[in-house]
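These are the residues of each chain, in order.
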Amino acid sequence: MEAKGSDVAIATACANIALVKYWGKREGKLNLPAAGSVSLTLDALRTWTSVSLSPEHRQDVMTIDDQAVSEAVLARTSRFVDLIRDLAGSKTRVSIRSKSNFPTAAGLASSASGFAALAVAVSDAFGLSLDGQALSILARRGSGSAARSIFGGFVRMHAGERADGTDAFATPIPGLSIPMAAVVAPAAKAGPKAIGSTEGMEQTRMTSPYYDAWIAQVDIDIEESLSSLEARDWDRIAQVVEGSCLAMHANAMAARPGIVYFQGSTLLAMNVVRSLRHAGVPVCFTVDAGPHLVAFTEPDYQDRVANALSQVPGVGDVIKSSSGEGAHLVGRMP
Ligand code: 2P0
């Protein structure tokens, strides 16, 4: 059967940042997380991806920000597109153009928005109509955090138990009315990542003496995050969000060899966030597998938090974000 999709399918997806972190897999081939996680989708960090079928091509082609991608990125992308080709019963190659409004090399969550947009655009190009759960399972195969970017607002990733991964997907968290905003405080001098997330979490799982304790804590943290957000209780929100971040990093630091993502500016920014909170501002921090700090706050306090973080030595241009929407098809590239 040959696919009869759209001529060009274009999708957009936002990055997300976890309040309760994902760090460890129960299985690598299907990319199954060892524990769940909770995130907020971020409107300001966005990827657009256009996909067209190229029956005349023998290979997929791809550009990111108008540059041809490396062999390694193309191979990873083609393996991902193969999953959708298999579903559609097609062997047709595709041409992919992807753009982001944030620097993908900066270590911000580009794989989350990238694979979420790709899942939506490629499945539409091949004429498949997949629901959010199926798209989340698909996006997870590209990158664990991408499963969460299928949905907007607050999102929960479920680790699942099945070996085939059919219960390892994200779902939106309905009914949380707390107004939430974020400020990204990038480390100005971030070079390439010391070690990528996939490799870093595997090294942690294999060698960190804290790994089992970390995994055992995640479900407790997920419940506490949901209940403290529901109560709009910032002391409790900060305790669980900063606790999950610091435990993830402590776990990685305890690997052999130890993995350290923080830079000096990361620690300085943490102290600024805590000082603001002690002064009564509803704010807390998290840090992913890199040196950039992200502060969660309420929209009324976003400018104050952004101003304070932009004065931290070693922090580059801060990015203010509100809560973003889920991945979806759009009419044209920006
Ligand atoms: C998170 N991170 O919860 C955690 C916190 C980074 C630190 O999910 O191996 O690039 O592709 O499934 O999605 C980054 O991990 O990892 C991540 P893979 P991914 O956001």
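Just above sits the structure.
Predicted model, so just to flag it, every value in this text is computed and none were measured.

Enquirer: What am I meant to see in the overall build of the chain here?
Expert: Helix and strand counts for the chain stand at nine helices and 14 strands. For 334 residues, the compact-globule formula gives about 20 Å, and the C-alpha radius of gyration of the chain, at 19 Å, lands near that figure. The principal-axis extent of the C-alpha atoms belonging to the chain is close to 60 × 40 × 40 Å. The proportion of buried residues among the 334 residues of the chain is 54%. In the chain, the proportion of contacts linking residues at least 24 apart, taken out of those at least 6 apart, comes to 76%. Counting every atom, the chain has about 14300 Å² of accessible surface; 52% of that belongs to carbon and sulfur. With 30 positive and 33 negative side-chain charges, the chain shows a separation of 4 Å between the mean positions of the two kinds.

Enquirer: What exactly am I supposed to notice about the layout of surface pockets here?
Expert: To find the voids left in a structure, one rolls a probe of water-molecule size over its atoms. One number sums up the size of the second largest pocket: a volume of about 190 Å³. As for the second largest pocket, its lining consists of 13 residues, and the residues nearest its centre are Leu83, Leu87, Ile137, Leu138 and Arg141. Of all the elements in the fold, those that place two or more residues in the lining of the second largest pocket are α1 (71-88) and α3 (132-142). Top element by residues in the lining of the second largest pocket is α3. It accounts for five residues. Class assignment for the residues of the lining of the second largest pocket results in seven nonpolar, two polar and four charged.

What counts, and at which threshold
- Residues numbered from 1 in each chain as written.
- Predicted model: local features only at pLDDT ≥ 70, side-chain atom pairs only at ≥ 80, totals over all residues.
- Heavy atoms only, no water.
- Helix = DSSP H or I, 4+ residues; strand = E, 2+ residues; numbered from the N terminus.
- Rg over C-alpha atoms; globule rule 2.2 N^0.38 Å.
- Buried < 20%, exposed > 50% of the residue type's maximum accessible area, 1.4 Å probe, protein only.
- Contact = heavy atoms within 4.5 Å.
- Areas by Shrake-Rupley, 256 points an atom, 1.4 Å probe, with all protein chains shown as cover.
- Lys, Arg positive; Asp, Glu negative; His and termini not counted.
- Charge placed at Lys NZ, Arg CZ, Asp CG, Glu CD.
- 1 Å grid on protein atoms, 1.4 Å probe; cavity = no way out; pocket = protein on both sides within 12 Å on 5 of 7 lines; lining within 4 Å.
- Points joined across faces, edges and corners; volume = space filled by probe spheres on them.
- Nonpolar A, V, L, I, M, F, W, Y, C, P; charged D, E, K, R; others polar.

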